[in-house]
Amino acid sequence: MNVQNEKCVMIIDENLPVGIIANTAAILGITLGMKIPDVVGEDVADMNGNVHMGIIKFPVPILKGNNEQIKALRAKLFSAEYNDLTVVDFSDLAQSCKTYDEFIDKMAACSENALSYIGIAICGNKKKINKLTGNLPLLR
């Protein structure tokens, strides 16, 4: 992966409580790290010889949106034009589950149209991601 041509962003519903925003970002980040491990750098040592695990090689801006914006963006990302991007979504259905088995069961019984997305992460071609998200401000 050429990190100069790649970008990752997260878009999270700005109307959520700060704890849910933080949890959403953590879940999206963990899943991205598993799906695209080559964006994580090697471990590094400080001057005392203590080893620190590698982190992602480029910034991941967290952008603000709302439920409707995230849902519309997710719908676009299902199209063939964007099938080369890595997309992780997190819904209110997923957030409400206590176990992964419960998530599997509930998702199998849910239509995509019924999902309410609280966050989404996208990684891939910088130009495509900028085209999709360039109008969204940073979440502060």
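Along every chain, residues carry numbers that run from 1 in the direction the sequence is written. The model is predicted, so local features are restricted to residues of pLDDT at least 70 and side-chain atom pairs to those at 80 or more, both for listing and for counting; the totals for chains, interfaces and linings are taken over all residues. Values shown for side chains rest on all heavy atoms present in the structure; no hydrogens or waters enter the calculation.

S.K.: How would you explain the overall build of the chain if you had to name every residue and give the values?
M.R.: Across its full length, the chain holds five helices and six strands. Helices and strands appear in the chain in the N-to-C order β-α-β-β-β-α-β-α-α-β-α. Against the 2.2 N^0.38 benchmark of 14 Å for 140 residues, the chain shows a C-alpha radius of gyration of 16 Å, consistent with a compact globule. For the chain, the C-alpha atoms occupy an extent of roughly 50 × 35 × 30 Å along the three principal directions. Here the chain, with 140 residues, has 34% of them falling under the buried criterion. Under the convention used here, a 1.4 Å probe and the Shrake-Rupley method define accessible areas, while residue burial counts only the protein chains that appear. Summed over all atoms, the accessible surface of the chain reaches about 8,400 Å², with 56% contributed by carbon and sulfur. Separation between the mean location of the 14 positive side-chain charges and that of the 16 negative ones in the chain comes to 8 Å. Counting from the N terminus, the helices are DSSP H or I runs at least four residues long and the strands are E runs at least two residues long. For this measure, only C-alpha atoms enter the radius of gyration; the expected value for a globule follows 2.2 Å times N^0.38, where N is the number of residues. In this scheme, a residue with accessible area under 20% of its type's maximum is buried, one over 50% is exposed, and one in between is partly exposed, where area comes from a 1.4 Å probe on protein chains only. This count recognises Lys and Arg as positive and Asp and Glu as negative, with His and chain-terminal groups excluded. Charge coordinates come from a single atom per side chain, which is NZ of Lys, CZ of Arg, CG of Asp or CD of Glu.

S.K.: Account for the packing of aromatic side chains, with residues named and values stated.
M.R.: Aromatic rings from Phe, Tyr and Trp, taking only the six-membered ring of Trp, are treated as a pair when their centres fall within 6.5 Å; an angle between ring planes under 30 degrees marks them as stacked, one over 60 as edge-to-face, and anything in between as tilted. By the definition in use, this model includes one aromatic pair. We call a charge positioned over a ring when the NZ of a Lys or the CZ of an Arg lies within 6 Å of the ring centre and within 35 degrees of the ring normal. For Arg74, the ring lying beneath its charged end belongs to Phe78, and the centroid distance is 3.8 Å.

S.K.: Give me the lowdown on helix α1 (residues 18-35), citing residues and values where you can.
M.R.: Compared with the 26 Å implied by 1.5 Å per residue over 18 residues, the 26 Å span of α1 between its first and last C-alpha is a close match. Restricting attention to buried positions, one finds in α1 the residues Ile21, Thr24, Ala25, Leu28 and Leu32. With its buried residues spanning 95 degrees around the axis, α1 presents them on a single face. Opposite the buried face of α1, by more than 90 degrees, sit the exposed residues Ile30 and Met34. Here a helix's expected span is defined as the number of its residues, less one, multiplied by 1.5 Å. The arc in question is the one traced by the directions running from the helix axis out to the C-beta atoms.

S.K.: Before we move on, could you go through the sheet that holds strand β6 (residues 117-125) and cite the residues and values that matter?
M.R.: Backbone-to-backbone hydrogen bonds pair the strands of a sheet. The strands run either parallel or antiparallel. In space, the four strands of this open sheet follow the order β4-β1-β6-β5, with mixed pairing throughout. Single-partner strands in this sheet number two, and they are β4 (62-65) and β5 (86-91). Geometrically, the sheet is characterised by an average inter-axis angle of 20 degrees between neighbouring strands, direction not taken into account. Lying over the sheet, α1 contacts β1 (6-13), β4, β5 and β6, oriented at roughly 150 degrees with respect to β5. At least two DSSP bridges between two strands are needed for those strands to be called paired. Helix axes use the C-alpha atoms of the stretch in contact, all axes being lines fitted to C-alpha atoms, and the angles between their N-to-C directions lie in the range 0 to 180 degrees. Residues count as neighbours in contact if any of their non-hydrogen atoms are within 4.5 Å of one another.

S.K.: Quick one: what's the story with the state of the cysteines, residue by residue and with numbers?
M.R.: Any two cysteine sulfur atoms within 2.5 Å of one another count as a disulfide. Counted by the stated rule, this structure contains one disulfide. Each sulfur in the disulfide pair Cys8 and Cys123 lies 2.1 Å from the other. The sign of the S-S torsion, about -70 degrees, decides the handedness of the disulfide formed by Cys8 and Cys123: left-handed. A residue pair is termed long-range when its members are at least 10 positions apart, and Cys8 in strand β1 and Cys123 in strand β6 qualify at 115 residues.

S.K.: Let's hear about the pattern of salt bridges: which residues, and what values?
M.R.: Salt bridge, as used here, is a side-chain nitrogen of Lys or Arg placed within 4 Å of a carboxyl oxygen of Asp or Glu. In total, this model carries five salt bridges according to the counting rule given. Lys64 is paired through a salt bridge with Glu14; the nearest N and O atoms lie 3.7 Å apart. A residue pair is termed long-range when its members are at least 10 positions apart, and Lys64 in strand β4 and Glu14 in the loop between β1 and α1 qualify at 50 residues. Accessibility expressed as a relative area gives 36% for Glu14, which makes it partly exposed.

S.K.: Now, about the pairing of β1: what can you tell me, with residues and values included?
M.R.: Of all eight residues making up β1, seven are buried, and the element is well covered by its neighbours. When β1 meets β6, the two strands line up antiparallel, connected through seven bridges. Bridge assignment links Lys7 to a residue of β6, and that residue is Gly124. In terms of strand pairing, β1 meets β4 through four bridges, oriented parallel. Directly across from Asp13, in β4, lies its bridge partner Gly65.

Keep in mind these values describe shape, not function.
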